[in-house]
Amino acid sequence: MNTIAEGIQALKKAKRLVFFTGAGISADSGIPTYRDPLKGLWKKHDPSLLETSKAFRENPALVWGWYLWRREQWGLAQPSCGHLAINRFSEMGFDVSVVTQNIDDLHERAGPQQVVHLHGSLAKPKCFACHRPADLSAKQAAIADDAALLEPPRCPRCNGKLRPDVVWFEEKLPIDIWKKAMALVKSCDVLFSVGTSGIVMPAADIPAIALASGATVIHVNIADVSLGNPNELMLIGRAADMLPHLLSSL
Ligand code: APR
C-alpha cells in the first residue's frame, strides 16, 4: 500500500484531526521559513538574534521594525492551498483543530477554524513593561520601505514600549495555551504535522505526544522528518500540493 492509501485508511477511521503547523505551510504563501536566507533590507540579520527580549532591550527600534516588516509581508500574502485544504477537511465533517507555531493569521483567513497559536500572534502587540495588550493605529502599523529602524509605540496605560505578543527564544509558552494544545493533541485520531522542522521545543515534541496517545501521525514536508514510529506516515512534498491531493483521494 502506498503512503496516500495508508493515509486515507487512517482518515476513514478518524473523527478528530489536529493540524500541527509550522513555517512550511506559510512558505507556500510566499513567506520565507526560519531556515531560508533573508533578502533585501534584512539580508544581514539573523532572526534568531532579533527574537529575544535581550535584543529588544538593546535595540527596540530594530526588533520593532523587524516585526512590523513581517506583519506587512503576511498582510500582503494570501492563504495557500494547504491552508484552504485544512478548512475543507472540516467542511467534510471532520472535527478539525489547528495548533500552529506560526504567528501569522493565514489559518484564520482560510476559514472558520479553531486555531491555537503556540508562539503567539502578530495580531496585537502587548506592553513590554506591564504586559497588557494594546491596539495599533493605522499610522503606527505603517512601515517605511527603506527603514529597518522604527521606534515602538508606547503603552497607553503605563507608557512602556510595545512589543509583539509572541513567544521569544528563552521565553516560556503561556501555560493555558500549552494545556489547550495538549488536550487537542492527546485526544485526536490523526495528527498532521505540516511544514515544521521539529527543532524548537516544547512544540517539537507534539508529534511524539500524539503517537504516545495512540494517534496516527501524518507528516507533510518537503524533507523527510519522520521519527521512525510504525504509526507514522511521511508525505514528501509541498503542503499546498500534498493536502489537496490527499483530500481529492478521500
Ligand atoms: N511544504 C511543506 N513543508 C515545507 C515547505 C512546503 N512548501 N517549505 C518548507 N518546508 C519545511 C522545511 O523542510 C522545514 O522542515 O518546513 C519546515 C520549516 O522549518 P522552520 O523554518 O524551522 O519552521 P518551524 O518548524 O515552524 O520553526 C519553529 O522556530 O524560529 C522559531 O519560533 C520560530 O515558530 C518558529 C519555530
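Fair warning: this is a prediction, and the values are worked out from it, not measured in the lab. Every chain begins its residue count from 1, and numbering advances along the sequence as written. Confidence filtering applies because this is a predicted model: local features only for residues at pLDDT of at least 70, side-chain atom pairs given and counted only at 80 or more, and all residues used for totals across whole chains, interfaces and linings. Values reported for side chains reflect all heavy atoms of the structure, with hydrogen atoms and water molecules removed beforehand.

1. Let's talk about the overall build of the protein chain
Point 1. Helix and strand definitions here come from DSSP, where helices need a minimum of 4 consecutive H or I residues and strands a minimum of 2 consecutive E residues; each element is numbered from the N-terminal end. Helix and strand counts for the protein chain stand at 11 helices and eight strands.
Point 2. For this measure, only C-alpha atoms enter the radius of gyration; the expected value for a globule follows 2.2 Å times N^0.38, where N is the number of residues. In summary, the protein chain has a C-alpha radius of gyration of 19 Å against a globular reference of 18 Å for 250 residues, a match within 12%.
Point 3. Each of the three principal axes of the protein chain carries a C-alpha extent, and together these read 60 × 35 × 30 Å.
Point 4. For the protein chain, the share of sequence-separated contacts (at least 6 apart) that also reach a separation of at least 24 residues comes to 70%.
Point 5. Note on areas: Shrake-Rupley with a 1.4 Å probe; residue coverage comes only from the protein chains shown. In the form shown here, the protein chain has an accessible surface area of approximately 12400 Å², with 53% of it arising from carbon and sulfur atoms.
Point 6. Counting rule for charge: Lys and Arg are taken as positive, Asp and Glu as negative, and neither His nor the chain ends is counted. A charge is said to be at NZ when it belongs to Lys, at CZ for Arg, at CG for Asp and at CD for Glu. Charge centroids of the protein chain, computed over 27 positive and 25 negative side chains, lie 6 Å from each other. Contact criterion: two residues are considered in contact whenever any of their non-hydrogen atoms come within 4.5 Å of each other.

2. As for the side chain of R70
Point 1. By the element assignment, R70 lies in helix α5 (residues 60-76).
Point 2. By relative accessible area, which is 8% here, R70 ends up buried.
Point 3. Not counting residues within four places of it along the chain, the set of residues in contact with R70 comprises Y34, E51, I103 and L122. Partly exposed residues are those whose accessible area sits between 20% and 50% of the maximum for their type, while under 20% is buried and over 50% is exposed, using a 1.4 Å probe and protein chains only.

3. Quick word on the packing of helix α1 (residues 3-12) against helix α11 (residues 239-249)
Point 1. Inter-axis angles, ranging from 0 to 180 degrees, are taken between N-to-C directions of lines fitted to C-alpha atoms, where helices are fitted over the stretch in contact. Where α1 meets α11, the closest approach of the two axes is 10 Å, and the angle between their N-to-C directions is 65°. Here α1 and α11 pass one another in a crossing that is right-handed. Residues I4, I8 and L11 of α1 form the contact with α11, whose own contacting residues are M242, H245, L246 and S249.
Point 2. Any residue outside Ala, Val, Leu, Ile, Met, Phe, Trp, Tyr, Cys, Pro, Asp, Glu, Lys and Arg is labelled polar, Gly included; the first ten of those are nonpolar and the last four are charged. Among the residues making up the contact of α1 with α11, the classes are represented as five nonpolar, two polar and no charged. Definitions for this section: a left-handed crossing has its near helix turned counterclockwise from the far helix by less than a right angle. A right-handed crossing has that turn clockwise.

4. Observations concerning the site of the ligand
Point 1. Residues in contact with the ligand amount to 20 residues; listed here are only the nearest, D28, R35, T196, S197 and N221.
Point 2. N221 places a polar side-chain atom, nitrogen or oxygen, 2.7 Å from an oxygen atom of the ligand.
Point 3. A distance of 2.9 Å is found between a nitrogen atom of the ligand and a backbone nitrogen or oxygen belonging to A239.
Point 4. Protein burial of the ligand: of its 740 Å² of free accessible surface, 91% is covered by the chains.
Point 5. Here the shell around the ligand is built from residues that sort into seven nonpolar, 10 polar and three charged. We define proximity as follows: a residue is near a molecule or strand when any one of its heavy atoms falls within 4 Å of that partner. Residues adjacent in sequence count toward polar contacts only when both atoms are side-chain atoms; beyond that, a polar contact is any pair of N or O atoms within 3.5 Å, and within protein one must be able to donate a hydrogen and the other to accept it.

5. Topic: the packing of aromatic side chains
Point 1. When two rings of Phe, Tyr or Trp (its six-membered ring) have centres within 6.5 Å they constitute a pair, described as stacked for plane angles under 30 degrees, edge-to-face for angles over 60, and tilted for the intermediate range. Inspection of every chain in the model, using the stated rule, returns eight aromatic pairs.
Point 2. For the ring pair F19 and F89, a centre distance of 5.4 Å and an interplane angle of 50° mean the geometry is tilted. Placement of F19 in strand β1 (residues 16-21) and of F89 in helix α6 (residues 81-91) is noted, with a sequence separation of 70 residues between them.
Point 3. Judged by relative accessible area, F89 falls into the buried class, the value being 0%.
Point 4. Arranged with centres 4.8 Å apart and planes meeting at 50°, the rings of F56 and F128 form a pair that is tilted. Here F56, found in helix α4 (residues 53-58), pairs with F128, found in the loop between β4 (120-127) and α8 (138-141); they are 72 residues apart in sequence, far enough to count as distant.
Point 5. One aromatic cluster is present, built from ring pairs that chain together F19, F89, F94 and F192.
Point 6. Consider the ring centre and the ring normal. A charge sits over the ring if Lys NZ or Arg CZ is within 6 Å of that centre and within 35 degrees of that normal. Lying across the ring of W168, R163 places its NZ or CZ 3.7 Å from the centre.

6. Section: the pairing of strand β5 (residues 162-166)
Point 1. The element β5 is extensively covered by neighbouring structure, given that four of its five residues are classed as buried.
Point 2. Strands were regarded as paired on the criterion that DSSP finds at least two bridges between them. Relative to β5, β4 runs antiparallel, the two sharing five bridges. By the bridge assignment for β5, P125 is matched with P164.

7. With respect to the pattern of salt bridges
Point 1. Whenever a carboxyl oxygen of Asp or Glu lies within 4 Å of a side-chain nitrogen of Lys or Arg, that contact is scored as a salt bridge. Evaluated as defined, the whole model comprises nine salt bridges.
Point 2. Among the charged side chains, a salt-bridge network with shared partners connects D28, R238 and D241.

8. Details of the sheet that holds strand β6 (residues 190-194)
Point 1. Ordered by their spatial adjacency, six strands build an open sheet running β3-β2-β1-β6-β7-β8, and the pairing between neighbours is parallel. The open sheet has two edge strands with one neighbour each: β3 (114-117) and β8 (232-236). Taking each pair of neighbouring strands and ignoring which way they run, the sheet shows an average axis angle of 20°.
Point 2. Examined bridge by bridge, β6 and strand β7 (residues 216-221) share five bridges and lie parallel to one another.

9. Examining the domain arrangement of the protein chain
Point 1. Residue ranges labeled as domains rest on an automatic or database domain assignment. Considered domain by domain, the protein chain is made up of domain 1 (1-31 + 78-119 + 172-250) and domain 2 (34-76 + 124-166).
Point 2. Between domain 1 and domain 2, the C-alpha centre-to-centre distance is 28 Å.
Point 3. At the junction of the two partners, domain 1 supplies 11 residues and domain 2 supplies nine residues.
Point 4. Counting across the domain 1 and domain 2 interface gives zero salt bridges.

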